Amino acid sequence: MTTRGPSAEELAGPDAATHLAALRAQGPVVRVDAVGGWLVTGYAAAVEVMRDAEAFTVDDPRFSTGRVVGPSMLSTDGAEHRRHRRPFAAAYRPSRVEQRHATATRALADDLLARVTPGGGADLRPALAGPLSVQVMARVLDLVDVDADTVLGWYAALVDAVSDLSAGRTPGPAADAAMTQLAEQLRHSTGHDSVLRGAGATLSPAEVVSDAAVMLFGGIETSEGMILNAVSHLLGQPGVLDLVRDDAGAATAVVEESLRLEPAAAVVDRYATRDVSLHGAAVARGDLLRVSLAAANRDPEVFADPDRFDPHRPRLRDQLAFARGPHTCLAMDLARLEARVAVQAVAALPGVRLVRAEPPTGLVFRKPGRVEVAWETATSGPAR
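Asker: Summarise the layout of surface pockets; cite the residues concerned and give the values.
Answerer: What the second largest pocket holds in volume is close to 560 Å³. In this structure, the second largest pocket is lined by 37 residues; those nearest its centre are P14, A17, E262, R298 and R366. It is helix α2 (residues 16-26) that provides the largest number of residues to the lining of the second largest pocket, a total of six residues. Tallied by class, residues from the lining of the second largest pocket come to 21 nonpolar, eight polar and eight charged.

Asker: Would you mind going over the side chain of R260 in detail, with residue names and values included?
Answerer: For R260, the position within the fold is in helix α12 (residues 250-261). For R260, the side chain forms a polar contact with the main-chain oxygen of R308, separated by 3.1 Å. Ignoring anything within four residues of it in the chain, the contact list for R260 reads N297, R298, F303, P306, R308, R313 and Q319.

Asker: Residue-level account of the packing of helix α5 (residues 78-89) against helix α10 (residues 205-236), with values.
Answerer: Interaxial distance between α5 and α10 falls to 11 Å at its minimum, and their mutual angle equals 70°. Considered as vectors, α5 and α10 are oriented roughly perpendicular to each other. Residues E80, R83, H84 and F88 of α5 form the contact with α10, whose participating residues are E207, D211 and M215. A per-class count over the contact of α5 with α10 returns two nonpolar, one polar and four charged.

Asker: How would you explain the pairing of strand β6 (residues 267-272) if you had to name every residue and give the values?
Answerer: Counting buried positions along β6 yields six of six residues, so the element is predominantly enclosed. Here β6 shows no split at all, with V267, D269 and Y271 on one side and V268, R270 and A272 on the other all buried. Bridge analysis of strand β4 (residues 56-57) against β6 gives two bridges, and the strand direction is antiparallel. Among the inter-strand pairings, F56 is bridged to a residue of β6, identified as A272.

Asker: Give a description of the environment of H101 that names residues and reports values.
Answerer: Examined against the element boundaries, H101 turns out to sit in helix α6 (residues 94-116). H101 gets classed as buried once you look at its relative accessible area, which sits at 4%. Each C-alpha atom, one on H101 and one on R139, is 8.9 Å from the other, the two residues being 38 residues apart in sequence. Those residues within four positions of H101 in sequence are excluded, and the remaining contacts are R96, R139, V140, L334 and L337.

Asker: Could you give an account of the pairing of strand β2 (residues 29-32), naming the residues involved and the relevant values?
Answerer: Of the pairings in the sheet, the one linking β2 to strand β3 (residues 37-40) comprises four bridges and is antiparallel in character. Counterpart to V29 in the pairing with β3 is V40. Linking β2 back to β3 in an antiparallel pair, the connection comprises four residues, with G36 at a positive phi of about 75°.

Asker: Just give me the short version of the pattern of salt bridges, but keep the residues and values in it.
Answerer: Opposite charge on two side chains lets them pair, provided their charged atoms get close. Applying the stated rule across the entire model yields 27 salt bridges. Taking the shortest distance from any N to any O, the salt bridge between D310 and R308 comes out at 3.5 Å. Among the salt bridges present, the one from E358 reaches R356, with a minimum N-O distance of 3.5 Å. In this structure E358 comes out as partly exposed when scored by relative accessible area, which is 27%. If you follow the salt bridges from partner to partner, you end up with D123, R356, E358, R370 and E372 in one network.

Asker: Describe unusual backbone geometry, with residues and values.
Answerer: Its identity is not glycine, yet D142 carries a phi of approximately 60°, on the positive side. Considering the arrangement of structural elements, one finds D142 in the loop between α7 (124-140) and α8 (148-166). Relative accessible area serves as the criterion here: at 13%, D142 is assigned to the buried category. For R315, which is not glycine, the phi torsion reads 55° and is therefore positive.

Asker: Outline the packing of aromatic side chains, supporting the account with residue identities and numerical values.
Answerer: Counted by the stated rule, this structure contains three aromatic pairs. When the ring of Y43 is compared with that of F303, the centres are 5.9 Å apart and the planes differ by 75°; the resulting orientation is edge-to-face. Linking Y43 in helix α3 (residues 43-51) with F303 in the loop between α13 (293-296) and α14 (332-347), this pair joins segments that are 260 residues apart in sequence. The exposure classification of Y43 matches that of F303, with both residues buried. Judged by centre distance (5.6 Å) and plane angle (65°), the ring pair of F217 and F365 falls under edge-to-face. A residue pair is termed long-range when its members are at least 10 positions apart, and F217 in helix α10 and F365 in the loop between β10 (353-357) and β11 (371-374) qualify at 148 residues. By relative accessible area, F217 is classed as buried at 11%.

Asker: Outline the side chain of E338, supporting the account with residue identities and numerical values.
Answerer: Following the sequence through the fold, E338 ends up in helix α14. Although E338 is buried, it makes no salt bridge; R139 carries the closest opposite charge, 10 Å away.

About the cut-offs
- Once a new chain begins, its residue numbering starts again from 1 and follows that chain's sequence as written.
- The predicted nature of this model means local features are confined to residues of pLDDT at least 70 and side-chain atom pairs, given and counted, to a pLDDT of 80 or more, with totals for whole chains, interfaces and linings taken over all residues.
- Side-chain calculation: all heavy atoms of the structure are included, whereas hydrogens and water are not.
- Using only the protein atoms, space was sampled on a 1 Å grid; points where a 1.4 Å probe fits but cannot get out form cavities, open sets with protein on both sides within 12 Å along at least five of seven lines form pockets, and lining residues are those with an atom within 4 Å of a point.
- Grid points are joined across faces, edges and corners, and a volume is the space filled by probe spheres set on the points.
- Segments assigned H or I by DSSP are reported as helices when at least four residues long, segments assigned E as strands when at least two residues long, and all are numbered from the N terminus.
- Residues are grouped as follows: Ala, Val, Leu, Ile, Met, Phe, Trp, Tyr, Cys and Pro are nonpolar; Asp, Glu, Lys and Arg are charged; all remaining types, including Gly, are polar.
- We define a polar contact as two N or O atoms separated by no more than 3.5 Å, with the added condition that, inside protein, one atom must be a possible hydrogen donor and the other a possible acceptor, whereas residues neighbouring each other in sequence contribute only through side-chain atom pairs.
- A contact between two residues is defined here by any heavy atoms of the two lying within 4.5 Å.
- Every axis in this analysis is a line fitted to C-alpha atoms, fitted for helices over the stretch in contact. Angles between the N-to-C directions lie between 0 and 180 degrees.
- Roughly parallel here means an angle under 35 degrees, roughly antiparallel means over 145, roughly perpendicular means 65 to 115, and every remaining angle is called oblique.
- Summary of the burial criterion: residues with accessible area below 20% of their type's maximum are buried, those above 50% are exposed, and those between are partly exposed, where the area comes from a 1.4 Å probe applied to protein chains only.
- We call two strands paired when DSSP finds no fewer than two bridges between them.
- Every case where a carboxyl oxygen of Asp or Glu lies within 4 Å of a side-chain nitrogen of Lys or Arg is listed as a salt bridge.
- Whether two aromatic rings pair depends on their centres lying within 6.5 Å, for rings of Phe, Tyr and Trp, where Trp uses its six-membered ring; planes under 30 degrees apart make the pair stacked, over 60 edge-to-face, and the rest tilted.
- Asp and Glu are treated as the negative residues and Lys and Arg as the positive ones, with His and the ends of the chain left uncounted.

Shown next, in the form of structure tokens:
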């Protein structure tokens, strides 16, 4: 089915879920002018596209991230993708993530909140979500001698370049400079705790840098969004704060339901390698398929009452925020750990309450611009 559909601005706006639901009602795969190709909104179709890397690939010269950082696990498929991904897989196993990063991540979160606790309130994007994401990734990549602002600068340069290419603009030199600086730093970052340790046995130095850049980009952007969205749901949904305070383990369910309702990465792109019929859509070779994880996560055929936040709903792990198939997010358990730790740390603040949370926006990555909270201090009494 072909439809003019909503504009890019509408799909990036706070009411994106409404527009996506209207598109899904027309069919699970619809051609949308603003996308420049097919938008996949149904859960079953989304899973099919993401699992079939032979028919629907990321290995295409239009893939903007690949043009910025070079070939990596994000922009290759088949044997080449496995070659890029395999050296890092062991470091991101759930048991290894818990063993190596849980204690340090909790300490980082506690330290960040301790800095703002005396003030009785803060915007948690610059106070917690942003710096926690940066510091965790710096630790993962063993960037021990680089300050957080420098890492954030590299990340911002990569984001700007990808955004420029996506909008048809020519990127400036900042991204190339960031890649050069990152490469220089990584030459000294092969410590015991680095996920890069041993990668040079199968990858060239340039390939290691490209994969590190992908991890840096994804680890900061999506983790920050996950934390902000999860904290917004923690404090903005009735009864959720009490649920986590009564049972710290409930933070896991809160994070999973937050990921379902508002995934930090809203879409992933694929390109058809051949003509194919996909759930009634006649997809031609070379066509872009933009898989809307946000729409699939609200498919009523899979999730009952999909617009309601419900951490008690069954099959929470069926949400697609981390994609499916060969490109399932490698660091998903680290990202889950960061969001869970942040939710637990915020829930522990005395008298914590939500002051204002901007609605999530963004076409590809969605998060609130601000999440302002207040809490009790020793001198202020109850937060008002």
